[in-house]
Amino acid sequence: MSLLSSIRQRLSNQDNKTLVQNFTYLTILQVAGYIFPLLTMPYLARVVGVEGVGKVAWAAAVIVWLQTVTDWGFNFTATRDIARLRDNLSAVEQIFNQVFWSKILLMLLSAVGLALLIVLVPTFRSNALLLVFSFLIVPATIFMPEWFFQAMEQMKYITILNVVAKFLFTLLVFLVIKHPADYIWQPLLISLGSILAAIIAMTIIRRHFHISIHLPNWREIGSCIKHSTDVFINNLMPTLYNSFSIMLLGWFGGGVANGKLEGGNKLVTISQQFMTILSRTFFPYLSRRADKHIVYRRITLSCAAIISLLLIVLAKPLVFILFSPEFVDSVLVLRIMAISIFFIALCNVFGTNYLILHNHEKPLRNLTIIVSLVGFALSWLLIYYYSFIGAAVTITLTRGLLGIGTWLLAKHFQRNELQA
């Protein structure tokens, strides 16, 4: 059989065809996520200046914490649960409403927290309108439930809607933002594009998937939140060594040190997004076909190893092509952090797409807490003495501990399943 015939035969299988389609749509979504910012960032930097860009970035960083609280791990648990029951409309509708209203409740609590910060903290109070505009992205993401479309393996909807939202935002930026003081409108424009996409998304969910919206009782909402708490903690804890290392580096080394770290980390982040695409594509599929985990494992770990090796070998020319000579020290940062791509892949393969899918969230949560605390402790010492190199080593080493630990934990449960 020829290679072309073999490929056609594999694609004739509906599951394989769905995988390829979802991967294609997620790739388009990811590419759009880089193209539109490349169109607007030079313009925004020139019009609103460094201070305006910095204020918007600061507000976005504040809202990320509230967004994490609102998400509460549902992006994994709800996706897993619906993917397994997607042929049972009644069960899917029940899960959707429990998650939807749980997110609404968590959003309201987050809004109260933000209001208290605005009242009590002078820095927050002086940027109140900017924070309120930035917070609008939280309800927009609730009403545009990517996790639902991912679970139903219908990624074309979120791809089209996200591209529409990003296009609208890009267009409005050039029409509305004309002066330095206009930086305050940027998060509002982002939110408006997302809200429009969210309205369309909810219409699709109601009409195409026949999901009706109704309010569950408080016990169901409480149970739903409790059900995802371990995944929430697992998602929150890595900020202790990830985001905190960047904050600590800024404290000890200033903006220059952070810039050198970012210069090397930028390509790692882009590569990490590709790993995320693979993980999101396979997650609902593996919820139904756990026996295909070995295929996903081979694809992901092979890609991660190749990408890590390429970034290590090509670090110098890549940094010199993409950045100015001031970023020469970023070459070493890139070579150090490129190793972490393989460790991130281990976490995706054996954590997200094995332990979480097999309902082993608690052991994964405990491992993440311990490793994150180790990374938090290491960051003080390594960053104080070795600046941006110390930050790169901290992040890579901690990701290594988490990746290897996740692999060993998954192997432990696999052995127990075989012996049972």
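Caption draft 1: Region of interest: the overall build of the protein chain. A tally of helices and strands in the protein chain yields 18 helices and zero strands. Among the 420 residues that make up the protein chain, the fraction classed as buried is 47%. Taking all contacts inside the protein chain whose residues are at least 6 apart in sequence as the whole, residues at least 24 apart take part in 84%. Summed over all atoms, the accessible surface of the protein chain reaches about 20,500 Å², with 69% contributed by carbon and sulfur.

Caption draft 2: Inspection of the packing of helix 14 (residues 293–313) against helix 16 (residues 330–338) at higher detail. Between helix 14 and helix 16, the least distance of the axes is 8 Å, while the angle of their chain directions is 165°. Between helix 14 and helix 16, the angle is such that the two are roughly antiparallel. As for how helix 14 packs across helix 16, the hand of that crossing is left-handed. Mapping the contact onto sequence places Ser 308, Leu 311, Ile 312 and Val 313 in helix 14 and Leu 334, Arg 335 and Ala 338 in helix 16. Broken down by class, the residue content of the contact of helix 14 with helix 16 amounts to five nonpolar, one polar and one charged.

Caption draft 3: Spotlight on the nonpolar core. Of all hydrophobic cores here, the largest spans 59 residues; its most connected members are Phe 74, Ile 82, Phe 96, Phe 148, Phe 149 and Phe 209. Considering every element that reaches this core, the biggest residue donor is helix 4 (residues 89–120), with 10 residues. Excluding residues that lie within four positions of it along the chain, Phe 149 makes contacts with Gln 154, Met 155, Tyr 157, Ile 158, Ala 201, Ile 204, Ile 205 and Phe 209. Core analysis: the second largest hydrophobic core is formed by 48 residues, Ala 304, Val 319, Ala 338 and Ala 392 among them.

Caption draft 4: Just the pattern of salt bridges, in detail. This structure, assessed with the given rule, holds four salt bridges. Arg 80 is the partner of Glu 361 in a salt bridge, and the nearest nitrogen-oxygen pair spans 2.5 Å. Pair noted here: Glu 361 is in helix 18 (residues 361–419) and Arg 80 is in helix 3 (residues 74–85), with a separation of 281 residues, a long-range link. For Glu 361, a relative accessible area of 10% translates into the label buried. With its nearest N and O atoms 2.6 Å apart, the salt bridge here joins Arg 365 to Asp 230. Of this pair, Arg 365 sits in helix 18 while Asp 230 sits in helix 12 (residues 229–236), and the two are 135 residues apart along the sequence. In this pair, the class of Arg 365 matches that of Asp 230, namely buried. In this structure, a network of salt bridges that share partners links the residues Arg 80, Asp 81 and Glu 361.

Caption draft 5: Spatial organisation of a nonpolar patch on the surface. On the surface, a cluster of nonpolar side chains totalling about 720 Å² of accessible area is made up of Phe 252, Trp 380, Leu 381, Tyr 384, Tyr 385 and Tyr 386. The biggest single contributor to the nonpolar patch is helix 18, with five residues. Topologically, Tyr 384 is positioned in helix 18.

Caption draft 6: Molecular detail of unusual backbone geometry. In the Ramachandran plot, Trp 72 falls in the positive-phi region, its phi being about 55° despite a non-glycine side chain. Tracing the backbone shows Trp 72 in the loop between helix 2 (14–71) and helix 3. A positive phi angle is found at Asn 359, which is not glycine, with a value near 65°. Here Asn 359 is to be found in the loop between helix 17 (340–355) and helix 18.

Caption draft 7: Local environment of the packing of aromatic side chains. Within the structure shown, the criterion is met by 15 aromatic pairs. Between Phe 376 and Trp 380, the aromatic rings sit 6.2 Å apart at their centres with planes inclined by 85°, giving edge-to-face as the arrangement. With Phe 376 and Trp 380 both in helix 18, this residue pair falls four residues apart, about one helical turn. A relative accessible area of 27% places Phe 376 in the partly exposed class. Residue class for Trp 380 comes out partly exposed when judged on its relative accessible area of 34%. Put simply, the rings of Phe 96, Phe 100, Trp 101, Phe 143, Trp 147, Phe 148, Phe 149, Tyr 157 and Phe 209 touch in pairs and so form one group of aromatic residues.

Caption draft 8: Geometry of the confidence of the model for the protein chain. In this model, the protein chain carries a mean pLDDT of 81, and residues with pLDDT of at least 70 account for 84%. When pLDDT is averaged over each element of the protein chain, helix 4 comes out on top at 92 and helix 1 (residues 3–12) at the bottom at 47.

Caption draft 9: The environment of Leu 367, seen in detail. Checked against the element boundaries, Leu 367 lands in helix 18. The class of Leu 367 is buried, set by a relative accessible area of 18%. Measuring from C-alpha to C-alpha, the distance between Leu 367 and Asn 234 comes to 8.7 Å, with 133 residues separating the pair along the chain.

Caption draft 10: Focus on the packing of helix 9 (residues 155–176) against helix 10 (residues 186–207). The geometry of helix 9 relative to helix 10 is characterised by a closest axis approach of 8 Å and an angle of 150° between their N-to-C directions. On the basis of their axis angle, the class for helix 9 and helix 10 is roughly antiparallel. Crossing geometry of helix 9 relative to helix 10 is assigned as right-handed. Contact with helix 9, carried on its side by Tyr 157, Leu 161, Ala 165, Leu 168, Phe 169, Leu 172, Val 173 and Val 176, involves Gln 186, Leu 189, Ile 190, Gly 193, Ser 194, Leu 196, Ala 197, Ile 200, Ala 201 and Ile 204 of helix 10 and no other residues of that element. Partitioning the contact of helix 9 with helix 10 into residue classes produces 15 nonpolar, three polar and no charged.

The rules behind the values
- Residues numbered from 1 in each chain as written.
- Predicted model: local features only at pLDDT ≥ 70, side-chain atom pairs only at ≥ 80, totals over all residues.
- Heavy atoms only, no water.
- Helix = DSSP H or I, 4+ residues; strand = E, 2+ residues; numbered from the N terminus.
- Buried < 20%, exposed > 50% of the residue type's maximum accessible area, 1.4 Å probe, protein only.
- Contact = heavy atoms within 4.5 Å.
- Areas by Shrake-Rupley, 256 points an atom, 1.4 Å probe, with all protein chains shown as cover.
- Axes fitted to C-alpha atoms, helices over the stretch in contact; angles between N-to-C directions.
- Parallel < 35°, antiparallel > 145°, perpendicular 65-115°, else oblique.
- Left-handed = near helix turned anticlockwise from the far one by under 90°.
- Nonpolar A, V, L, I, M, F, W, Y, C, P; charged D, E, K, R; others polar.
- Core = buried A, V, L, I, M, F, W, Y, C linked by side-chain atoms within 4.5 Å.
- Salt bridge = Lys/Arg side-chain N within 4 Å of Asp/Glu carboxyl O.
- Patch = residues over 30% accessible without salt bridge, like charges linked within 9 Å, V, L, I, M, F, W, Y side chains within 5 Å.
- Phe/Tyr/Trp six-rings, centres within 6.5 Å; stacked < 30°, edge-to-face > 60°.
- pLDDT = per-residue confidence, 0-100.

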